[in-house]
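# Summary of the model geometry
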Amino acid sequence: VLLWNALTTKHPAYAPEEEVRLITAGPGDGLQQGTQVRVRGSEIVPYRALPWAVSGPEDIAEIVIGPAAPHDTERTLRTLLATCGLTGVKIERSDIPYRSM
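Keep in mind that this is a model prediction, so the values were computed, not measured.

What counts, and where the lines are drawn
- Residues numbered from 1 in each chain as written.
- Predicted model: local features only at pLDDT ≥ 70, side-chain atom pairs only at ≥ 80, totals over all residues.
- Heavy atoms only, no water.
- Helix = DSSP H or I, 4+ residues; strand = E, 2+ residues; numbered from the N terminus.
- Buried < 20%, exposed > 50% of the residue type's maximum accessible area, 1.4 Å probe, protein only.
- Areas by Shrake-Rupley, 256 points an atom, 1.4 Å probe, with all protein chains shown as cover.
- Contact = heavy atoms within 4.5 Å.
- Salt bridge = Lys/Arg side-chain N within 4 Å of Asp/Glu carboxyl O.
- Core = buried A, V, L, I, M, F, W, Y, C linked by side-chain atoms within 4.5 Å.
- Arc of directions from axis to C-beta.

### Observations concerning the overall build of the chain
Tallying secondary structure elements over the chain gives three helices and four strands in all. Going from the N terminus to the C terminus, the chain shows its helices and strands as α-α-β-β-β-α-β. Looking at the chain as a whole, 14% of its 101 residues are labelled buried. By element, 59% of the accessible surface of the chain is carried by carbon and sulfur atoms, the whole surface being about 8,400 Å².

Set out below in structure tokens:
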């Protein structure tokens, strides 16, 4: 129960995001397959790439950019969306603190 709560509980300020989380559990060796990493500042961040099944702008309610994202993230996102034929998607930057103090 403690592990489940630690993985699924988030600060109430993030509730409006209605975030969906994917939790994968199993032996470490099995989880490494398909896991990639990227560098964010001085951190190595593991992630799993998943297919993006969006067919039109009506499939995306809004994109919220995290407070620690680079300043040009909105422009980069708009370019990416445009290459997929998705224009007019609402994009905002979150003002919620990145880490609680």
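### Remarks on the side chain of Thr73
Structurally, Thr73 can be placed in helix α3 (residues 73–83). When residues no more than four places from it in sequence are discounted, the contact partners of Thr73 are Ile65 and Arg93.

### Topic: the pattern of salt bridges
One pass over the structure, following the stated rule, counts five salt bridges. Arg40 is paired through a salt bridge with Glu43; the nearest N and O atoms lie 3.5 Å apart. Look at Glu43 and you get partly exposed, because its relative accessible area is 34%. With its nearest N and O atoms 3.1 Å apart, the salt bridge here joins Arg75 to Asp72. The exposure class assigned to Arg75 is exposed, which follows from its relative accessible area of 52%. Taken together, the shared-partner salt bridges in this structure form one network comprising Glu62, Lys90 and Glu92.

### Some thoughts on the nonpolar core
If you look at the biggest cluster of nonpolar residues, it comprises eight residues: Ile60, Ile63, Ile65, Leu77, Leu81, Leu86, Val89 and Ile91. Elements with a minimum of two residues in this core: β3 (63–65) and α3. Excluding residues that lie within four positions of it along the chain, Ile60 makes contacts with Trp52, Val54, Leu81, Leu86 and Val89.

### A short note on α3
Listing the buried residues of α3 in full gives Thr73, Leu77 and Leu81. Taken down its axis, α3 places every buried residue within 65° of arc, on the same side. α3 presents Arg75 and Thr83 as exposed residues on the side facing more than 90 degrees away from its buried surface. For α3, the elements touching its buried residues are β3 and β4 (91–93). With its phi angle positive at about 75°, Gly85 sits one or two positions after the end of α3.

### Considering the side chain of Ser94
Mapped onto the secondary structure, Ser94 falls in the segment after β4. Those residues in contact with Ser94 that sit more than four places away from it in its chain are Glu17, Val64, Ile65 and Pro67.

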